[in-house]
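Here are the chains, one letter per residue:
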Amino acid sequence: MTSADTHQAPEGASSAGTAFLKLLGGVALWLFAAFTFTTLPISVMASDGCTTGDTGMICTVAGQNAVFWTPGLASPAAALLGTWGLASRRENGPMAWMTALMMLMATWFVVLSIAR
């Protein structure tokens, strides 16, 4: 045994730490996706305050459909993409998790920009 062998961390400690961080990242992603899925459309629709002849984007059929369907489609897709990224052993796995988080943030930006 050389002196270099004694200074290396055990393999089990490194993998346990990585597994814990992946679990934490997955839980955070799924909570953010669930919050986006359930809260975002309701909060925007409840705050529309449209009257007859109002031309705001939220007062149109297209705007209301976008507010409803954007989080409804993006949240499950982001949760699945991020989970795949965390479970994958490929090089681009962490990039998939980051992309999923950016998808959720973009969903918030798009939907809140439609609201007034």
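Above this text you will find the structure in question.
All of these numbers come straight from a predicted model, not from anything done at the bench.

Reading the values: rules and limits
Residues numbered from 1 in each chain as written. Predicted model: local features only at pLDDT ≥ 70, side-chain atom pairs only at ≥ 80, totals over all residues. Heavy atoms only, no water. Disulfide = S-S within 2.5 Å. Helix = DSSP H or I, 4+ residues; strand = E, 2+ residues; numbered from the N terminus. Polar contact = N/O pair within 3.5 Å; in protein donor to acceptor, adjacent residues only side chain to side chain. Axes fitted to C-alpha atoms, helices over the stretch in contact; angles between N-to-C directions. Parallel < 35°, antiparallel > 145°, perpendicular 65-115°, else oblique. Left-handed = near helix turned anticlockwise from the far one by under 90°. Nonpolar A, V, L, I, M, F, W, Y, C, P; charged D, E, K, R; others polar.

Focus: the state of the cysteines
Following the criterion strictly, the structure yields 1 disulfide and no others. Bridging Cys 50 to Cys 59, the disulfide has an S-S length of 1.9 Å. Disulfide Cys 50-Cys 59: the torsion about the S-S bond is -95°, which places it as left-handed.

Focus: the side chain of Ser 88
Among the structural elements, Ser 88 can be located in the loop between helix H3 (61-87) and helix H4 (93-114). Here the side chain of Ser 88 touches Arg 90 through a polar contact of 3.0 Å, landing on its backbone nitrogen.

Considering the packing of H3 against H4
Put simply, H3 and H4 touch, their axes get as near as 8 Å, and they point 170° apart. Classified by the angle their axes make, H3 and H4 are roughly antiparallel. Between H3 and H4 the crossing geometry is left-handed. Its residues placed into classes, the contact of H3 with H4 shows 17 nonpolar, 8 polar and no charged.

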